[in-house]
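Each chain, written out:
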Amino acid sequence: MMHMVDYNHCTACGACIQVCPQKCIVWEKQEFGFRYPKFDESQCTKCGLCSKVCPIPKKPLENQPLGAYAAVHLDPAILQRSTSGGMFTAIATFVLAHNGFVYGCIMDENFNIHHIGIDDVEELDKLRGSKYVQSDTLNTYNEVKYRLNQGKLILYVGTPCQIAGLNKFLRKEYKNLITIDIICHGVGSQDYFSKFVTFLNQYIGIIKELKFRDKKYAGWSCGGGSGVYFDTKKNTCHLFSFPSYKYYYYQYFLSGSIYRMSCYSCPYASLHRQGDITLGDFWGVERLKLPIDTRDGCSLVLTNTDKGAELLKALKNIQLVPVSIKDAAKYNGQLSKPSKLSKNIRQKLINQYEVMDGIQIQAMYLKNHKKNILKGRLKACIPYLLKLRLRKWLQ
């Protein structure tokens with residue numbers, strides 16, 4: 001029976017809420033609007049299931065990577081639409097081709113971030129791309145368990161804490177379940193992001209679509225993304241660029257200032273992975289001088305179980321180049337330690353969030369970060385191919 005919430009370590013994976021037979025656990029919002037479980041003692045039957053499925057403070061899985069790879073999808077169109085090297089698409093397409101289901105997070109029409117399951121390749125685009133907001137797993141753990149017991153092949157993609165939550169929720173291994181954990185720096189809150197979207201609606205126009213990363217605008221980088229807004233005066237939709245240096249939410253996320261408290265002591269920020277496969281951007285890959293074209297993006301792939309390794313062998317349309325674990329982890333800090341907490345900066349941003357609207361927070365950002373904004377503007381002026389040459393030159 002788990003009625004004391006550890007606010008410093010709870011990851012909001014949702015396992016306790018989804019397993020409760022009495023439905024007496026709900027979300028309540030705390031700092032930055034992050035969700036934490038709240039228990040209705042009057043409805044609790046003391047079955048203890050919530051404690052059994054909670055991955056905190058239990059020791060995480062200690063799967064060590066069996067292999068590491070640089071990976072690039074061979075279809076240029078898929079590579080262009082993918083955040084990094086298109087590896088997620090390759091794996092998801094394989095599962096869907098075998099009448100399976102793929103679970104991952106989407107940004108819906110109301111800009112809420114949550115997990116869904118799909119069984120149609122036409123819906124795959126919803127799951128592509130980085131969403132720098134914590135995803136609500138909703139009831140997907142229960143859905144996965146039901147479909148696994150039907151014999152369906154399932155792919156579940158999430159942050160390491162979400163995969164840990166799923167593993168504890170299921171309480172047994174399934175041969176027909178494939179899990180992918182992403183290399184995660186931390187998560188922003190839905191409420192903080194929603195306030196930012198409200199600001200964009202006022203500042204730009206009615207936002208219809210938003211991508212945190214778009215290679216058309218910033219190449220393979222965290223330099224920015226794109227969006228679509230509706231102009232109410234002209235009654236037309238327009239594209240707009242979404243540079244990371246220009247907007248407070250994006251920059252505070254990249255700086256690690258607005259993460260959930262548990263992210264700063266994440267037990268999964270190591271080479272002890274929770275998924276069968278780990279995926280992320282292969283930052284620093286150009287330094288390895290591999291026989292692979294990484295200009296338009298490259299995925300870092302870790303195979304952590306025999307199941308994951310066998311799946312990798314079955315994939316098509318992917319160029320894979322083996323690398324050492326050391327080289328894989330060298331420029332991906334979250335494979336060795338969690339993001340660093342700056343208490344003063346984070347608390348200042350929490351105070352702003354509690355009393356200011358998005359327009360006011362943006363004004364404070366523009367006022368207090370002039371040097372960083374200027375640096376970002378200058379960097380954005382450098383053509384992407386020239387940036388690639390500079391990276392190699394600076395090796």
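The shown structure was predicted, so the numbers you read here are calculated from the model rather than taken from an experiment.

Let's talk about the nonpolar core
No. 1: Membership of the largest hydrophobic core comes to 50 residues, with the highest contact counts inside it found for Tyr 192, Phe 193, Phe 196, Leu 210, Phe 212, Tyr 248 and Tyr 249.
No. 2: Setting aside chain neighbours within four positions, we find Tyr 192 in contact with Phe 32, Tyr 248, Tyr 249, Tyr 252, Ile 258, Tyr 353 and Ile 361.
No. 3: Listed in part, the 26 residues of the second largest apolar core include Ala 90, Ile 91, Val 95 and Val 157.

Overview of the sheet that holds strand S3 (residues 67-73)
No. 1: On the basis of which strands lie adjacent, the open sheet formed by eight strands has the order S5-S4-S6-S7-S11-S12-S3-S13 and mixed pairing. At either margin of the open sheet sits one strand with a lone partner, and together these are strand S5 (113-118) and strand S13 (318-323). Going across the sheet, the axis of each strand differs from the next one's by a mean of 25°, ignoring polarity.
No. 2: Direction of pairing for S3 relative to S13: antiparallel, over a ladder of six bridges. If you follow Ala 70 over to S13, its bridge partner there is Val 321.
No. 3: Across the sheet, helix H4 (residues 87-97) lies against S3, strand S4 (101-107), S5, strand S6 (154-158), strand S7 (177-182), strand S11 (277-281), strand S12 (299-303) and S13, angled at about 135° from S4, the strand it touches most.
No. 4: Taken strand by strand, helix H5 (residues 140-149) contacts S4, S5, S6 and S7, and its axis lies near 160° from that of S6.

Describing the packing of H5 against helix H6 (residues 160-170)
No. 1: The contact between H5 and H6 brings their axes to 10 Å, and the two run at 50°. Between H5 and H6, the angle is such that the two are oblique. Like other packed secondary-structure pairs, H5 and H6 cross with a definite hand, here right-handed. Here H5 contributes Tyr 141, Asn 142, Val 144, Lys 145 and Leu 148 to the contact with H6, which in turn contributes Gln 162, Gly 165, Leu 166, Phe 169 and Leu 170.
No. 2: Looking at side-chain class alone, the contact of H5 with H6 contains six nonpolar, three polar and one charged residues.

Quick word on the sheet that holds strand S8 (residues 206-211)
No. 1: With antiparallel pairing, three strands are arranged side by side in an open sheet as S8-S9-S10. Strand pairing shows two members of the sheet lacking a second neighbour, S8 and strand S10 (236-243), which therefore form its edges. The sheet shows a mean angle of 20° between the axes of neighbouring strands, direction not considered.
No. 2: Of the strands in this sheet, S8 and S10 touch helix H7 (residues 190-203), which is tilted by about 125° from S8.

Let's talk about the pattern of salt bridges
No. 1: For the structure on display, the rule yields 12 salt bridges.
No. 2: A salt bridge links Asp 125 to Arg 128; the nearest nitrogen and oxygen atoms lie 2.7 Å apart.
No. 3: Residue Arg 128 is classed as buried on the basis of its relative accessible area of 12%.
No. 4: Salt-bridge contacts for Glu 310 lead to Lys 313; the nearest nitrogen and oxygen are separated by 3.4 Å. One end of the pair, Glu 310, and the other, Lys 313, are both in helix H10 (residues 306-314), three residues apart, so they sit about a helical turn from each other.
No. 5: Taking the relative accessible area as the measure of exposure, Glu 310 reaches 48% and is therefore partly exposed.
No. 6: The exposure class of Lys 313 is exposed, given its relative accessible area of 65%.

Parameters and conventions
Starting afresh in each chain, residues are numbered from 1 along the sequence in its written order. Where totals are concerned, whole chains, interfaces and linings use all residues; where local detail is concerned, this predicted model gives features only for residues with pLDDT of at least 70, and gives and counts side-chain atom pairs only at 80 or more. Hydrogens and water are ignored here; the side-chain numbers use all heavy atoms of the structure. Grouping buried Ala, Val, Leu, Ile, Met, Phe, Trp, Tyr and Cys residues that are joined through side-chain atoms within 4.5 Å yields what is termed a nonpolar core. Each residue is assigned to one of three classes by its accessible area relative to the maximum for its type, calculated with a 1.4 Å probe on protein chains only: buried under 20%, partly exposed between the two thresholds, exposed over 50%. We call two residues in contact when some of their heavy atoms are within 4.5 Å. Whether two strands pair comes down to DSSP finding at least two bridges between them. We count a stretch as a helix when DSSP gives it H or I for four or more residues in a row; a strand needs E for two or more, and each element gets its number in order from the N terminus. Fitting a line to C-alpha atoms yields each axis, with helices limited to the stretch in contact; the angle taken between N-to-C directions then spans 0 to 180 degrees. The cut-offs work like this: below 35 degrees is roughly parallel, past 145 is roughly antiparallel, 65 to 115 is roughly perpendicular, and the gaps in between are oblique. Whether a crossing is left-handed or right-handed is set by the direction in which the near helix is turned from the far one by less than a right angle, anticlockwise for left-handed and clockwise for right-handed. Ten residue types, Ala, Val, Leu, Ile, Met, Phe, Trp, Tyr, Cys and Pro, are classed as nonpolar, four, Asp, Glu, Lys and Arg, as charged, and the remainder, Gly among them, as polar. Here, a salt bridge means any Lys or Arg side-chain nitrogen found within 4 Å of an Asp or Glu carboxyl oxygen.

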